[in-house]
Amino acid sequence: MYSEDEKNKLMEELKEMESLKVDTGDEGKILQNDLIDFIVNGNGDKEDLIFRIELFTYAFKLFSRKEVKFEKNQFFVYLNDSILDFEKIDLIKKDLDKFELVIEAVKDNGEVLINLNFTYHY
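What counts and what doesn't
- Residues numbered from 1 in each chain as written.
- Predicted model: local features only at pLDDT ≥ 70, side-chain atom pairs only at ≥ 80, totals over all residues.
- Heavy atoms only, no water.
- Core = buried A, V, L, I, M, F, W, Y, C linked by side-chain atoms within 4.5 Å.
- Buried < 20%, exposed > 50% of the residue type's maximum accessible area, 1.4 Å probe, protein only.
- Helix = DSSP H or I, 4+ residues; strand = E, 2+ residues; numbered from the N terminus.
- Contact = heavy atoms within 4.5 Å.
- Expected span 1.5 Å × (residues − 1).
- Polar contact = N/O pair within 3.5 Å; in protein donor to acceptor, adjacent residues only side chain to side chain.

### As for the nonpolar core
Generally speaking, a soluble globular protein has its nonpolar side chains buried in company with each other. With 26 residues, the main nonpolar core has Phe75, Phe99 and Phe118 as its most contacted residues. For this core, the secondary-structure elements that each account for two or more residues are α2 (27–41), α3 (46–58), β1 (64–71), β2 (74–79), α4 (86–95), β3 (99–108) and β4 (111–120). The element that contributes the greatest number of residues to this core is α2, accounting for 5 residues. Setting aside anything within four residues of it in sequence, one finds phenylalanine 118 in contact with Asn73, Gln74, Phe75, Val77, Ile92, Leu96, Phe99, Glu100 and Leu101. The next biggest cluster of nonpolar side chains, apart from the first, holds 5 residues, and it includes Tyr2, Leu14, Leu55 and Tyr58.

### Here's the deal with α3
One turn of an α-helix holds 3.6 residues; hence residues three or four places apart share an orientation. The end-to-end C-alpha distance of α3 is 18 Å, a good match for the 18 Å that 13 residues give at a rise of 1.5 Å each. Where α3 is concerned, the buried positions are Leu49, Ile50, Arg52, Ile53, Glu54, Leu55, Phe56, Thr57 and Tyr58. In this structure aspartate 45 caps α3, since a side-chain oxygen of it lies 3.3 Å from the backbone nitrogen of glutamate 47.

Written out as structure tokens, the structure reads:
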């Protein structure tokens, strides 16, 4: 999924983020606007958006087990966890408030894990 260089870069950025409190500033709203522009108009770089979504969720210490997937007016974040902190989800929902969020529990390799399914209705 990721090259060794990409993994190392992500780990460095993760270490930087772990030293910070959850404060994404305006990034959540900027990301939301860019996601909507991509979904509605096809503008933007899909790989860049995937990377930004993963960084955004990493800020909340929510780690992905596989790459974010886009499908029409939706995107899916596949978390590597089975327990969610409501406060973190609430903060994400506030930043991505134009998206409907569905939290889905799935069985993956014998473990129950969580997917975050975001849908933009237009």
